[in-house]
Amino acid sequence: MSIATESAGETRTMNMIQAINSALDVAMGRDDATVVLGEDVGFFGGVFKATEGLQKKYGKTRVFDTPISENGIIGVAVGMATYGLRPIPEIQFADYIYPGLDQLVSEAARLRYRSAGEFTAPITVRTPFGGGIFGGQTHSQSPEALFAHVSGLKTVIPSNPYDAKGLLIAAIEDNDPVIFFEPKRIYNGPFDGHYDRPVSPWSRFAESAVPDGYYTVPLGKAKLVREGDDVTILAYGTMVHVARGVIDETGIDAELIDLRTLVPLDVETIVASVRKTGRCVVVHEATRTGGFGAELSALVQEHCFHSLEAPVERVTGWDTPYPHSLEWAYFPGPVRLTEALKRVMQD
Amino acid sequence: MSIATESAGETRTMNMIQAINSALDVAMGRDDATVVLGEDVGFFGGVFKATEGLQKKYGKTRVFDTPISENGIIGVAVGMATYGLRPIPEIQFADYIYPGLDQLVSEAARLRYRSAGEFTAPITVRTPFGGGIFGGQTHSQSPEALFAHVSGLKTVIPSNPYDAKGLLIAAIEDNDPVIFFEPKRIYNGPFDGHYDRPVSPWSRFAESAVPDGYYTVPLGKAKLVREGDDVTILAYGTMVHVARGVIDETGIDAELIDLRTLVPLDVETIVASVRKTGRCVVVHEATRTGGFGAELSALVQEHCFHSLEAPVERVTGWDTPYPHSLEWAYFPGPVRLTEALKRVMQD
Amino acid sequence: MTGRNLPPLSLHIPEPDFRPGDEVDYSDFEMPVAGAVARPATETAPAAIRDMSYVMIRVLDDEGRAQGMWDPRLAPETLLKMLRSMALTRAFDDRLYRAQRQGKTSFYMKCTGEEATSVAAAHALAYDDMCFPSYRQQGLLIARDWPIVDMINQIYSNRADRLKGRQLPIMYSAREANFFSISGNLTTQYPQAVGWAMASASRGDTRIAAAWCGEGSTAEGDFHSAMTFAAVYRAPVILNVINNQWAISSFSGFAGAEATTFAARAIGYGIAGLRVDGNDALAVYAATQWAADRARNNHGPTLIEHFTYRAEGHSTSDDPTKYRSADEGVKWPLGDPIARLKKHVIGLGIWDEERHAAMDKELAEMVRAAQKEAEKNGILADGLKQSFDSMFEDVFEVMPDHLRDQQKQMLEERRAAGI
Amino acid sequence: MTGRNLPPLSLHIPEPDFRPGDEVDYSDFEMPVAGAVARPATETAPAAIRDMSYVMIRVLDDEGRAQGMWDPRLAPETLLKMLRSMALTRAFDDRLYRAQRQGKTSFYMKCTGEEATSVAAAHALAYDDMCFPSYRQQGLLIARDWPIVDMINQIYSNRADRLKGRQLPIMYSAREANFFSISGNLTTQYPQAVGWAMASASRGDTRIAAAWCGEGSTAEGDFHSAMTFAAVYRAPVILNVINNQWAISSFSGFAGAEATTFAARAIGYGIAGLRVDGNDALAVYAATQWAADRARNNHGPTLIEHFTYRAEGHSTSDDPTKYRSADEGVKWPLGDPIARLKKHVIGLGIWDEERHAAMDKELAEMVRAAQKEAEKNGILADGLKQSFDSMFEDVFEVMPDHLRDQQKQMLEERRAAGI
Ligand SMILES: Cc1ncc(C[n+]2csc(CCOP(=O)(O)OP(=O)(O)O)c2C)c(N)n1
Ligand SMILES: Cc1ncc(C[n+]2csc(CCOP(=O)(O)OP(=O)(O)O)c2C)c(N)n1
Ligand SMILES: [Mg+2]
Ligand SMILES: [Mg+2]
């Protein structure tokens, strides 16, 4: 974590929504080129309330609702960015980003390269992703792997309020297009995967202590959540908390790494850890085949082959659409992770 | 290869375009529910001539041009399929599929599941992909990894005329949506990556002997192109030929597997080979990070961990957009593959 | 830029007339006169009837009398059946909304105030015409007498849910009722309906297709694809836009309503466009019938804008008091579709208040009974009701090895956990 | 479906009037009279000028005289500058097309017959207005006096190519000329232009944006996004559709031209729409000027359909004789834009055949010289002219580790291979 020299202000207790809202507020206050746009983000403040109060504070030409057109939202954001603004479009659910994919993949991500730097698209696309809220097939997806495969795009996924704010400000200030996935299941509190137990609010956790003012968490740096000797767990978003829960319950001495940014990836931190532990489990909610876990597994065995004492295991969602009522059978929860850890540890 | 009992007719010499054209012809002749649609596929017969003669033979309501809207092409194809037709849409270049991605990913691929089998979308999306023709950024991409990550979609990539025809007929007959990537670089002849040498036409190769009539090559079965003892090369599309060329040149005793179908994947054949050779190199043109090579690498180390004598290597395009003039520096050609094989063999 | 004596540009951001707390005043609203719009012959070229996109077809006047050329002159049993289906739709919505509020399931969406736009349309279509609905057309299923217990099973994701608990509540699929599987992704059904209609036409069939989307959803690229393909191939399809003024918290101005009507979108493509009072069941019926006749006689597609009002919140996840004046719905100048049709049939002498009250009671009871019946098969809140095996089915027609392996892993996992 | 006495449906598939070998006969073409269309005030509401989408603005009559209210009454130097830019564009196309045929580069695209649609538009815009072109608007750069040697360097992907050989030939980018980087993906520039215009408006700037796409490209979802957003926010943008009748091998009917005009798309959104003779430089200038005035005074966007003809193949990869009659272009009723403007200026007495012939010669020589100059920096066919290092630059602002590693690997690889 790098706290800018400038005072980050007083520290308050925030959940992730509040932290994201605060990040937007800080970024908008500092740079009047920032613009927030998306479905229902204006007067209403967004269906998850992430943009609440911003229209009132910064005016309708800087925070506004859009037509229901993800293609249009990202397309005009790219155009605004080429003018010199710094748009922060919201896609209401990551499941709805596909109609706008071409503008992100073929345009925003490629613009700097194809124009040799003449034009750039410093946009930050915020979008809630992931399951665990009984949202059914189209409010639960984790499509991060599609974006991580696209050169020219940065992919960021915070797992707690402090990081969410610091990473979001860093993303907005970054001169490249960033997709910022917000794990909606943990907006209000970290979720350890025990869906049958009450969720603790963020206020009970240290990461909810968030400075009021400006600070950044740099893109491309993973976070060592917990040191351990026996196995490395690579996770991001909600799964960081599931992993933490399993470590607490099982007493396995795992080293837990929160990747925070998938592209660019902090390979150094990953490799150092796996070389130490000799074992690795990769965790994500997305479907397994071609998920980002495959990339992590490939990288780990490329860099740590001679240290590995067991195959890298992937703990993921199944290769099915996200089912509504069988959500907890789909979700890679504590049982699936524990079983995988056991397998890896006994090898 | 499974040749159906029904006579496959006489065998002729075909290049890949002719084989694909023949597959369409055979499929349309056998089932009047098949329909070909896409940009320029009608009177003109497609910009690569894959649909030549079909409109004349089967009429304008079964083979027709469309508006330039990949979203519309796939969207109406899904609708036609739910009526009971078997549409075969063409996307002119894989680089242009993104505007139609939502209809493929959220609709075609999910329809059977979400309706518990009430509605299905047996469409076969044909699209030329891959580089090597100085097509620049938007006529060269290999986006197969994006599709392989989507549950409910089959991903097929032929590497020669015989397979192209047999796989395409199998894809059209398949009751699930299939994306069929055609490696355009080898439409007219296999390409070993030596761009500075003349390309041999297909007629010089055994795989250009293609039966005139009906036969299928089953989806989900890889092909053992060459047996070998020292290392396994996993490839598909154009890269099969680059690998074959390198094997011939270097004399490395590699086992070469042409995957033919990425989803469902023939894991059995892969695992048997790597268990035997103890080494594995994965090859594709697509950008590395999050490419399908990551999945292959992950699977191999999951299944063959204790047989592996060296890390699985990935030989891929770089993580940049596809550059026009630096095409051959981007392309994973013989040098890159040879170097990787050397590394893997010496480990 | 600098040095030029030019006015500064300014960005226009639409703003609705009323926000929470505002006194709602519809006195600016120019009430279109019932019966005033002429009904063109169904073979009329779109170019000759562009003005239809700027007027509003209304049949029922303030007194509930049917007026003008668009009066579909329906038989009493049809009128009463429509009334009943609309009332059942409302009773169903009320009860299932409450079921969600009681925690019995995860989600629900009402169509209150918009019942005519699906129920009357369903009656004007043939049963075997194919419907491609959005999520607010439960009235289609109800009008087609689809068993409401089946709908409730789906809402509960219970053992009897034919969709095996895979879909969010209300995302029905009913092939037998020629009702397409609902998607969570807006407007995707639009080009699909056009494709279905193109297929029907290419086969020399007689069945046509109809699709529905909200006014907010017209901004999606799928809308444009559908309109373009429908125009190019003259597809036998009816494309309905339910303009209920709101898209979650965004008013219709964010879909372009400040500049023109949604029916006018049709003009851009050379398609026939109609604009109807969506709270007037007879107008909806008549417009649908006109468009269906047209399509069935190879005169091509029609876009119909149904002008109505979303009387309730967007869904159970929404709180409309946060962004609009509660007064809007109450004062909606075009009234309530059920009340208006009821007035009409009472005026015709084929119905009365007593029968209506009895029907409401009967329907409420019927929904209650269906709910009870459905609850025998479980409710979502009581935990997983689906067989776990089924999770891996229907991804493909034949389950491939990797899914079989994952299925096995899941079952072992559950065993390990003692579940 | 069965048992109903209904006609079978049939699917309409558009078919162009003429195919290879057909005798071309344009006698059905109703020639719009030059000067006949009235010019509305630039602040007129779109609803009041819907008819503009169905007529055609023409200024130059058959004798080359300027007629009617749309005559922009340009100064002689402007007229001659436009003529020169159009002629240069054509000379450039001819030579670079040949260069591709000679194997000097991989690809080329001409705009022959369509020069007015970009050159005259560029003259009617301010230099600092931002252009979002498609691939057939080289005339914009030439009208803005962008060095043609720079364009040729790009076409050759040579050492001096500012785009470092990364883009397909003709996919220029010229920020200094307010010319946006061309994308290979059709119509993506449309919403981008709207976004740029929205940004300019939100900043109180005075600069407007203009975008171009082909008639075939209007079918993409991006077109709809652009129109919707432009209408909703009243963006100061000019959206040009170059209707050159063909999209590779598909005639305009596959984009919807059988049903209506492309200018009429504007009506659907409540946007102002104009339709101009795209081979009449004065009409193009006048329409662009009208739209620019409108945008600059906060009256919102304009869609302009330029009715023209693609006189050559789609690109060097195309063979138009395979799908259309060669006669079409020859007999094109609206003539050639250069010949028509030439006739006009000769008629005005400010130009003559001799000067024109001399100019053509001079321009051909100029292009030849530029080509020679560019070839000093290499041509594509001679092998790689770019530094290999540069391949990994500009993916991101700062090169991340994984790209640095790959760059290293590539250099090692090349060393290993002795390259
Ligand atoms: C592609 C896509 N984008 C966004 C959403 C989120 N969303 C669901 S409903 C809705 C509003 C739709 O409004 P409208 O089309 O007017 O229909 P109504 O709800 O009024 O019936 C939005 C934005 C979605 N489901 N799909
Ligand atoms: C998204 C996308 N789809 C398809 C193509 C392939 N393509 C390139 S040009 C073209 C025809 C475009 O026709 P039109 O818009 O009329 O422009 P014109 O070439 O006539 O100037 C097509 C289909 C593409 N470049 N991008
Ligand atoms: Mg609505
Ligand atoms: Mg064209």
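Residues numbered from 1 in each chain as written. Chains lettered and ligands numbered in written order. Predicted model: local features only at pLDDT ≥ 70, side-chain atom pairs only at ≥ 80, totals over all residues. Heavy atoms only, no water.

With that out of the way, let us pick up the pairing of strand E14 (residues 313-317) of chain B. All names here are of chain B. The buried fraction of E14 amounts to 5 of the 5 residues, a majority that puts the element mostly inside the structure. Where strand E13 (residues 280-287) lies against E14, 4 bridges are found, and the strand directions are parallel. Along E14, the bridge assignment pairs Thr 287 with Gly 317. This β-α-β element, E13 to helix H10 (residues 292-304) to E14, shows right-handed connectivity. (Buried < 20%, exposed > 50% of the residue type's maximum accessible area, 1.4 Å probe, protein only. Helix = DSSP H or I, 4+ residues; strand = E, 2+ residues; numbered from the N terminus. Pairing = 2+ DSSP bridges. Right-handed = clockwise from strand over helix to strand, strands pointing away.)

The subject of this paragraph is the interface of chain C and chain D. With 54 residues of chain C at the contact, the number on the chain D side is 54 residues. Summed over the shared surface of chain C and chain D, the number is 2 salt bridges. A salt bridge links Glu258(C) to Arg234(D); its shortest N-O distance comes to 3.8 Å. Where chain C touches chain D, the interface holds 15 residue pairs in polar contact (both at pLDDT 80 or more). (Contact = heavy atoms within 4.5 Å. Salt bridge = Lys/Arg side-chain N within 4 Å of Asp/Glu carboxyl O. Polar contact = N/O pair within 3.5 Å; in protein donor to acceptor, adjacent residues only side chain to side chain.)

Before going further, it helps to examine the packing of aromatic side chains. Under the counting rule described, the total for this entry stands at 63 aromatic pairs over all chains. With a centroid separation of 4.5 Å and 50° between ring planes, the pair formed by Tyr322(A) and Tyr330(A) is classed as tilted. Each of the two residues, Tyr322(A) as well as Tyr330(A), counts as buried. Their ring planes at 70° and their centres at 5.4 Å tell us that Phe48(B) and Phe93(B) sit as a pair that is edge-to-face. Of this pair, Phe48(B) sits in the loop between strand E2 (34-38) and helix H2 (54-58) while Phe93(B) sits in the loop between strand E4 (86-90) and helix H4 (101-108), and the two are 45 residues apart along the sequence. Taking NZ or CZ as reference, Arg185(B) lies 3.6 Å from the ring centre of Phe191(B), over its face. Above the ring of Phe43(B), the side-chain terminus of Arg19(D) is found at 3.6 Å from the ring centroid. (Phe/Tyr/Trp six-rings, centres within 6.5 Å; stacked < 30°, edge-to-face > 60°. Lys NZ or Arg CZ within 6 Å of the ring centre and 35° of its normal.)

Attention now goes to the relation of the copies chain A and chain B. If you rotate chain A by 180° and push it 0.0 Å along the axis, it lands on chain B with an RMSD of 0.0 Å. Such a combination of turn and shift is consistent with a two-fold rotation axis. In this assembly the copies share their binding face: 100% of the residues contributing to the interface of chain A also contribute to that of chain B. (Least-squares fit on C-alpha atoms with pLDDT ≥ 70 in both.)

Another aspect to go through is the site of ligand 2. Every one of the 20 residues lining ligand 2 counts as a neighbour, but Glu70(B), Tyr135(D), Arg136(D), Ser217(D) and Trp246(D) are closest to it. At 2.7 Å from an oxygen atom of ligand 2 is found a side-chain nitrogen or oxygen belonging to Arg136(D). With respect to ligand 2, the side chain of Ser217(D) contributes an N or O atom lying 2.5 Å from an oxygen atom. Within the complex, the protein chains bury 96% of what would otherwise be the 590 Å² of accessible surface of ligand 2. Broken down by class, the residue content of the shell around ligand 2 amounts to 7 nonpolar, 8 polar and 5 charged. (Near = heavy atom within 4 Å. Areas by Shrake-Rupley, 256 points an atom, 1.4 Å probe, with all protein chains shown as cover. Nonpolar A, V, L, I, M, F, W, Y, C, P; charged D, E, K, R; others polar.)

In this section: the interface of chain A and chain B. On the side of chain B, 45 residues touch chain A, which itself brings 45 residues to the contact. Around 3,800 Å² of area is buried between chain A and chain B when both sides are counted, 58% of it from carbon and sulfur atoms. Three residues, Tyr113(A), His149(A) and Phe305(A), lead the burial of chain A against chain B; their summed loss comes to 18% of the area buried on that side. Along the contact surface separating chain A from chain B lie 4 salt bridges. Here Glu302(B) and Arg314(A) are joined by a salt bridge, their closest N and O atoms 2.6 Å apart. Contributions of two or more residues to the side of chain A that touches chain B are made by helix H4 (101-114), helix H5 (144-148), strand E13 (280-287) and helix H9 (292-304) of chain A. Considering every element that reaches the side of chain A that touches chain B, the biggest residue donor is H9(A), with 8 residues. A breakdown of the residues in the side of chain A that touches chain B according to their chemical character gives 21 nonpolar, 14 polar and 10 charged. (Buried area = accessible area lost by both parts, 1.4 Å probe.)

This brings us to the pattern of salt bridges. Per the stated rule, a full pass over the model turns up 108 salt bridges over all chains. Between Asp336(D) and Arg90(D) there is a salt bridge, with the nearest N and O atoms lying 2.7 Å from each other. Of this pair, Asp336(D) sits in the loop between helix H9 (327-331) and helix H10 (337-348) while Arg90(D) sits in helix H1 (residues 76-101), and the two are 246 residues apart along the sequence. Taking the relative accessible area as the measure of exposure, Asp336(D) reaches 24% and is therefore partly exposed. Connected via shared salt-bridge partners are Arg112(A), Lys154(A), Asp174(A) and Asp176(A).

Right, let's talk about helix H8 (residues 281-296) of chain D for a bit. Residues and elements named next belong to chain D. The terminal C-alpha atoms of H8, which comprises 16 residues, lie 22 Å apart, in line with the 22 Å expected from a rise of 1.5 Å per residue. The element H8 is extensively covered by neighbouring structure, given that 14 of its 16 residues are classed as buried. If you check the start of H8, you find a side-chain oxygen 3.0 Å away from the backbone N of Leu 282, and it comes from Asp 280. Immediately downstream of H8, the backbone of Asn 298 shows phi near 65°, a positive value. (Expected span 1.5 Å × (residues − 1).)

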